[in-house]
Amino acid sequence: MKSPVFDYVRATSPQHVFKLLERHGDDARLLAGGQTLLATLNLRLSSPALLIDIGGLAGLRGISVQGGMLRIGALTTHVEIEESSQVAQHAPLLAMAAPHIAHRAIRNLGTIGGTLAYADPAAEWPACVLALGGTLVLQSSRGERRLAADDFFLGIYSTAMAADELLVAVELPCTAQGERQTFDELARRRGDYAVAGLAACARVDAHGDACRLHDVRLAFLSLGDRPQRARQAEAVLQSGPLTEARILDADAALRAELDPFADLTHSAAAKKQLAATLMRRAIKALSAPPAA
Amino acid sequence: MNTPTDHPTRRVSVIVNGTLFLREIECRKHLVDFLRDDCGMKGSHLGCEHGVCGACTVRLDGRIVRGCLVLAAMADGHSVETVETPAPSPRLRALQDAFIEHNALQCGYCTPGMLMAVLDLVERRPQANREQVREWISGNYCRCTGYHAIVDAVCAVLDQQRAGRFAANAVEARA
Amino acid sequence: MNHPTELPTRRDLGAELPAVTEDQRHIGVAIPREGVRRLTQGRGQFVDDIELPRLAHVVFWRSPVAHMRITRIGRSAAAALPGVIAVVTGPEIAAVCKPWVATLAHLAGIKSAPQYPLAMERATWQGEPVVAVVAETRAIAEDALALLEIDWEDLPAVLDTRTALDPDTPLIHPELGDNLCFERKLDTGGVDEAFARADAVVFEETYVFGRHTGVTLEPRCQIADWNPGDERLTVHHSFQAPHMMQDLYCRQFDLQESQVRVLCRDVGGSFGIKVHAYPDDFATVALSILLRRPVKFVADRIESFTSDIHAREHHIKARIAATKSGEIIAFEIDDLTGIGPYSMFPRTSGIEGNQVVNLTGGPYRHKHYRAALKVVFQNKTPTCQYRGVGHPIACAVTEALVDGVAMKLGIDPIAFRLANVIPDDAYPATGASGIKLEVLSHEACLREARQVCDYEALRREQSELRKRGVFRGIGVAALIELTNPSAAFYGVGGARIASQDGATLRLEPSGVLTVMSSVGEQGQGAEAIFAQIAADAVGVAIDHVRVITGDTDATPYGGGTWASRGAGIGGEAVLRAGLVLRANILATAAVILQREAGGMRVMRGAIHDADSGERLLDLAELGRIAYFRSDTLPKTFTPELMVTRHYAQRDYPFIFTNGVQVSHVEVDTDTGFVRLLKHWAVEDCGRVINPMLVDEQMRGAIVQGIGGALFEECLYDTDGTLRNGNMADYLVPMAAEMPDIVVSHVQSPTKSSLLGAKGAGEAGTAGAPGAVMNAINDALSPFGARVSSQPITPEKILRALGKI
């Protein structure tokens, strides 16, 4: 399908963006990588009057480490994250998740800011940012605002961003000593939206045979209307040494706290089963002896 | 305010396969339609127009992209390559030959996009194994071949590359 | 780049059979297709690539609901949009194009209702075209679509095959009396007795197959170009059978054949989707006639999902009886299949079900068989022939039953099949359903399959891995596949679909060969194999052969490509014409050289002495003399260097092929996800013209079959609207999930032609769903769990395992 008519302008600065948003309001859309927006337009699912291309805003690019925080500019592409040595070192979860995002051609243009702002519950970055306890950095004509990931994702395609705000960066705490991260998702085909996925991290305390997990964070994607933490299961997992009994209890807690949506071919019961399987495998990955 | 009778346009300047094209196009026009309608290059194909099938895969500033998910306006000032390039690189020629040798195409509709995708792999992932090749092309739909022969063709060129075939025209493997 | 004919190491199956021409160098050899180099350079000529003066574009407003009565079409706003040329409705199109009814006389009792290009008072499926908007660009036409004001009244929809024939279900076409399109019963007799035998072991199961569709990467498209100046219609069509459409356009629009030219150049995938006559095809032609300018229709992907034909929606209760000593004695099936609101034109929507009846149990020796078929109308997208046509279903049902009863008997699946297939020396034979089988090789293929997959090693590994909680399965499927149809397929029913084809071979003055064939190319390599056959038949180098297909103005009259007939029928015509041309060349040489024709040979582009091998005259020189120096030839002799021959297969209703496939899978019993580890196919398509092309046909067909087995389904909502009509939600197989596929060849040539070639295009799709389902059930057998509904999703596997 051909998209409906719209106008196009290249923003030259964040201030330019704010002025345009103020003038056009709901008739304008921000165009970053365009990998979601342009598909939506080609399908005639929406008809904005104006696209504001923010791809030229240099201040929104770049990956840097400062003060124990990894700062990723909103316009950083998925491939840049996938291939960044800083990300590999300080937030390996993202490096593990990136190859699951669609396909190479999409990852070359799609941006982390676009994905976070769109808040598709099946997307990988929201769950990763939630698992890592990241902070979203927003800007508007009123200045800068910082929101914790826990407070950012409100529902399907819905975030706490105001209509006139621009997401400029996401900040993630660098991996701490002893912290392990793991990502996995189950999809019918490589690159598809996940049927269920899990971004998990924990601080691992391993002495001989015994293993204990602390600060467990389990963020599931594709189960509901937003990425969700499995707080009951987290609590069980970090409540004592990691025995088979504790894992079974965590499994039961997870099944009790989850209320997944069904999708076109998977029932809620199937999603629960998949989530429980992902959790078990994540625990195994987190508690495995470190690779050489 | 947008009304259907008002069609905003933009003058764009895009280098396509080495030639500069200066055109006035509707802002809503995507890159594939620009190539096909305004540059007379019919080699890039449309299979879905929502970014899933990969038939429209082209190179923008040296990176593969879905042509249907790029506006011609976004490509203004940038450079595009397709398999129609009059000066195919040695790797592209080797892939074209290998596709024929291994019968890695039948109807040919997915082929231009597929070739751009695998050219990218050969340049960036010289150590790719069979499974990694499959993963790399997992965003390019082919209904005719069942993929096996495509993987054979790509692996053959990777082998040639590892044996030094392109050394004389060495391209630094891109980071 | 090596010249293909100079590579002695190319795989050559031609040497395994007696040669069919002198100096046979190309037939049987895996020669790469130089003719597709242009496609690797983006220089194809697909319909959407064609630009014509004053070309207009049409889009269709299609019904968004399953069943509606149209009450108002407000078109003024749409028509007023700058760039819009016309907004046209059903009655206006009906004034130039007749309606049609898709029935055939040989499907006894089949009925359907008249159908028009655009809906008249009612739209009867989501996706039925109702209004045509023609504009200068597709984008403008789509803008105008949004301005149409269409009112309708929702009507109750028939959406469940199981209740379609209930008395209180509304009738889609009241004048037909019920929602039954076609029904058939077959009974050999002795079935109840067989099942009731004291020594009978019975296995029963119900199989469900989800409706799915072809998803050709190039969507359906055509340009209809009515030229009022010479009153001629030219249609550029992405299509498989140009002469069939030429005939239909003549009859629907009251034109003569001389007024209609259909061109099918590059076709971006077809698989049967593009061999049917769609209402929007006729609408586009009508618009060109009404507007007196060329009109292009290109379906976009979203509209393809609801307007391309669907296929394979079946619910089959089935059972098999075998004796305790391991002999299959009877099959029985009861098949309920749901089509659309109309039988599809012109081949009807009854054929698929009819073939399920004909083919179930096909490889086996049993004598007792009973089948019942009901084909019911629904308010869903119309269905029709799609690659394999009934075979994938018949094979999946047959092979699942065979595995099921083998398991009950404790007999290995391959051993059980070897003991029950029609033996290789028992031909010609007649199957229990009455199908006539010329020569098949089930035993040879089963033995080859067992060996090539190292079956014993797979079983040992399976056993070891089970102890470690890893569940792999091996699934076998034996299949038969009809190819090279005679006129028994369509012609006898009254369809003007040719079962014969022709080839014209012309030696050009420079000694190169032009081949014109009525069988077309959709990527499978028809043009390549015709070049190989022609080169050998005449005696020239293959790079001196050019093949032209897909033009009703230029080629002989024929049937086109479908039912795996291209190689066997089209190829035979090329061979026959080539052999006659060779003889004519020798006759001409005899006159030029004043020698006996019998003492000379045509070889490698020249006339040679048959005994000494001495090169006597190049074909280029012969051509020069024949065409330009007739003054040097005696008045009693005229060179005839252009020969046409036709061929129809008339020995059997169909020439059957056979094969065996083996699927190796691993099932993750915690998630229900299936990993396809590997796939083997042993195929017998008679004489193989080009092993590489057959391999690729097999692989592509197998992957398409896997699609239906695991991934693809058109999912309808309770209101009859399609929920997953886009490429993200309708899952076609992509590279990462597909296995490597090893293909082996057995050659049992057909005697119905000189060439001995049977068809190879569909067998892969026939066997893959059966092999994969059997493999999954084999993997699940330690749990006593089975799946019998395709596509086999993780949901279904988890349910079978009792995990949810």
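Residues numbered from 1 in each chain as written. Chains lettered and ligands numbered in written order. Predicted model: local features only at pLDDT ≥ 70, side-chain atom pairs only at ≥ 80, totals over all residues. Heavy atoms only, no water.

## Description of the overall build of chain A
Turning to step 1, where the next piece is worked out: Each helix and strand in chain A was counted, giving twelve helices and 14 strands.
Turning to step 2, where the next piece is worked out: By the compact-globule yardstick of 19 Å for 292 residues, chain A fits well, its C-alpha radius of gyration being 20 Å.
Turning to step 3, where the next piece is worked out: When its C-alpha atoms are laid out on the principal axes, chain A stretches across 60 × 45 × 30 Å.
Turning to step 4, where the next piece is worked out: In chain A, which comprises 292 residues, the share counted as buried stands at 56%. (Helix = DSSP H or I, 4+ residues; strand = E, 2+ residues; numbered from the N terminus. Rg over C-alpha atoms; globule rule 2.2 N^0.38 Å. Buried < 20%, exposed > 50% of the residue type's maximum accessible area, 1.4 Å probe, protein only.)

## Here's the deal with the pattern of salt bridges
Turning to step 1, where the next piece is worked out: Taken as a whole, this structure holds 98 salt bridges over all chains when the rule is applied.
Turning to step 2, where the next piece is worked out: Across the pair D23 of chain C and R25 of chain C runs a salt bridge, and its minimum N-O distance is 3.7 Å.
Turning to step 3, where the next piece is worked out: With relative accessibility at 27%, the residue D23 of chain C sits in the partly exposed group.
Turning to step 4, where the next piece is worked out: Under the relative-accessibility criterion, R25 of chain C is labelled partly exposed at 23%.
Turning to step 5, where the next piece is worked out: A salt bridge links R370 of chain C to D187 of chain C, with the shortest nitrogen-to-oxygen separation between them at 3.7 Å. Here D187 of chain C lies in strand β7 (residues 180-187) and R370 of chain C lies in strand β17 (residues 368-376), a separation of 183 residues in the sequence.
Turning to step 6, where the next piece is worked out: Taken together, the shared-partner salt bridges in this structure form one network comprising R44 of chain A, E26 and R28 of chain B together with R62, R138, E142, D143, R220, D280, D300, E303 and D308 of chain C. (Salt bridge = Lys/Arg side-chain N within 4 Å of Asp/Glu carboxyl O.)

## Some words on the packing of helix α11 (residues 413-420) of chain C against helix α12 (residues 442-452) of chain C
All names here are of chain C.
Turning to step 1, where the next piece is worked out: At their nearest, the axes of α11 and α12 sit 9 Å apart, and the two run at 165° to each other. The orientation of α11 with respect to α12, classified from their angle, is roughly antiparallel. Note that α11 runs across α12; the crossing there is left-handed. On α12, the residues that touch I414, R417 and L418 of α11 are E443, L446, R447 and R450.
Turning to step 2, where the next piece is worked out: The residue inventory of the contact of α11 with α12, partitioned by class, reads three nonpolar, no polar and four charged. (Axes fitted to C-alpha atoms, helices over the stretch in contact; angles between N-to-C directions. Parallel < 35°, antiparallel > 145°, perpendicular 65-115°, else oblique. Left-handed = near helix turned anticlockwise from the far one by under 90°. Contact = heavy atoms within 4.5 Å. Nonpolar A, V, L, I, M, F, W, Y, C, P; charged D, E, K, R; others polar.)

## Some details on the sheet that holds strand β4 (residues 63-66) of chain A
Residue and element names in this part refer to chain A.
Turning to step 1, where the next piece is worked out: Taken in spatial order, the five strands of this open sheet run β4-β5-β10-β6-β7, and their pairing is antiparallel. The open sheet terminates on both sides in strands that have one partner only, identified here as β4 and β7 (143-148). Shown here is a sheet whose adjacent strand axes are inclined to one another by a mean of 25°, direction ignored.
Turning to step 2, where the next piece is worked out: Pairing of β4 with strand β5 (residues 69-73) involves four bridges; the strand directions are antiparallel. The partner of S64 across the bridge, within β5, is R71. (Pairing = 2+ DSSP bridges.)

## A closer look at the interface of chain B and chain A
The parts lose accessible area when they come together, and the size of an interface is often stated as this lost area.
Turning to step 1, where the next piece is worked out: The interface is formed by 35 residues belonging to chain B together with 32 residues belonging to chain A.
Turning to step 2, where the next piece is worked out: Together chain B and chain A conceal approximately 2800 Å² of surface at their shared face, both sides included; 55% is due to carbon and sulfur atoms.
Turning to step 3, where the next piece is worked out: For the pair chain B and chain A, the number of links is four salt bridges.
Turning to step 4, where the next piece is worked out: At the junction of chain B and chain A, the tally comes to 16 residue pairs in polar contact (both at pLDDT 80 or more).
Turning to step 5, where the next piece is worked out: Elements with a minimum of two residues in the side of chain B that touches chain A: β4 (63-66), α3 (111-124) and α4 (130-136) of chain B.
Turning to step 6, where the next piece is worked out: Ranked by residue count, the leading element in the side of chain B that touches chain A is β4 of chain B, at four residues.
Turning to step 7, where the next piece is worked out: Looking at side-chain class alone, the side of chain B that touches chain A contains 15 nonpolar, seven polar and 13 charged residues. (Buried area = accessible area lost by both parts, 1.4 Å probe. Polar contact = N/O pair within 3.5 Å; in protein donor to acceptor, adjacent residues only side chain to side chain.)

## A closer look at helix α13 (residues 455-467) of chain C
Residue and element names in this part refer to chain C.
Turning to step 1, where the next piece is worked out: For α13, spanning 13 residues, the distance from its first C-alpha to its last is 19 Å, which sits close to the expected 18 Å at 1.5 Å a residue.
Turning to step 2, where the next piece is worked out: The complete set of buried residues in α13 reads Y455, L458, R459, Q462 and L465. Buried residues of α13, viewed axially, fall in a sector of 135°; they line one side. In α13, those exposed residues whose orientation departs by more than 90 degrees from the buried face are R460 and K467.
Turning to step 3, where the next piece is worked out: Elements in contact with the buried residues of α13: α11, α12, β20 (471-483), β28 (655-667), β29 (674-684) and α18 (763-780).
Turning to step 4, where the next piece is worked out: Two residues or fewer after α13 comes G469, characterised by a positive phi angle close to 75°. (Expected span 1.5 Å × (residues − 1). Arc of directions from axis to C-beta.)

## Considering the packing of aromatic side chains
All names here are of chain C.
Turning to step 1, where the next piece is worked out: Counting across every chain of the model gives 19 aromatic pairs over all chains.
Turning to step 2, where the next piece is worked out: Ring geometry for W100 and F282: centres 4.8 Å apart, planes at 40°, overall tilted. In this pair, W100 sits in the loop between α3 (90-94) and β4 (122-123) while F282 sits in helix α7 (residues 279-291), placing the two residues 182 residues apart along the sequence. Across this residue pair, the class does not change: W100 and F282 are buried.
Turning to step 3, where the next piece is worked out: Feature note: the residues W100, Y249, F253, F282 and F345 constitute an aromatic cluster, connected by ring pairs.
Turning to step 4, where the next piece is worked out: Sitting over the face of the ring of Y490, R347 holds its NZ or CZ atom 4.9 Å from the ring centroid.
Turning to step 5, where the next piece is worked out: It is R565 that lies over the ring of W562; its NZ or CZ is 4.8 Å from the centre. (Phe/Tyr/Trp six-rings, centres within 6.5 Å; stacked < 30°, edge-to-face > 60°. Lys NZ or Arg CZ within 6 Å of the ring centre and 35° of its normal.)

## A look at the sheet that holds strand β21 (residues 500-507) of chain C
All names here are of chain C.
Turning to step 1, where the next piece is worked out: Reading across the sheet, the four strands line up as β23-β22-β21-β27 and stay open at both edges, with mixed pairing between neighbours. At either margin of the open sheet sits one strand with a lone partner, and together these are β23 (545-549) and β27 (642-648). Ignoring which end each strand starts from, the neighbouring axes of this sheet average 20° apart.
Turning to step 2, where the next piece is worked out: As paired elements, β21 and strand β22 (residues 513-517) share five bridges and run antiparallel to each other. Looking across to β22, one finds that R506 is bridged to T514.
Turning to step 3, where the next piece is worked out: Helix-sheet contacts for helix α14 (residues 526-539) involve β21, β22 and β23, and the interaxial angle to β23 is about 130°.
Turning to step 4, where the next piece is worked out: Contacting β21, β22 and β27, helix α15 (residues 566-593) runs over the sheet at an angle of about 145° to β27.

## So, the nonpolar core
Turning to step 1, where the next piece is worked out: Grouped together as the largest cluster of nonpolar side chains are 226 residues, with contacts concentrated most on F99 of chain B together with Y249, F282 and I776 of chain C.
Turning to step 2, where the next piece is worked out: For this core, the element with the most residues is helix α10 (residues 391-409) of chain C, which contributes eleven residues.
Turning to step 3, where the next piece is worked out: Once you skip the residues sitting within four places of it in the chain, Y249 of chain C turns out to touch Q222, L233, V235, H237, D254, L255, V260, V262, D281, F282 and V285 of chain C.
Turning to step 4, where the next piece is worked out: Judged by nonpolar contacts, the second largest core, of 54 residues, contains A74, A97, L132 and L147 of chain A. (Core = buried A, V, L, I, M, F, W, Y, C linked by side-chain atoms within 4.5 Å.)

Function cannot be inferred from these measures alone, as they are strictly geometric.
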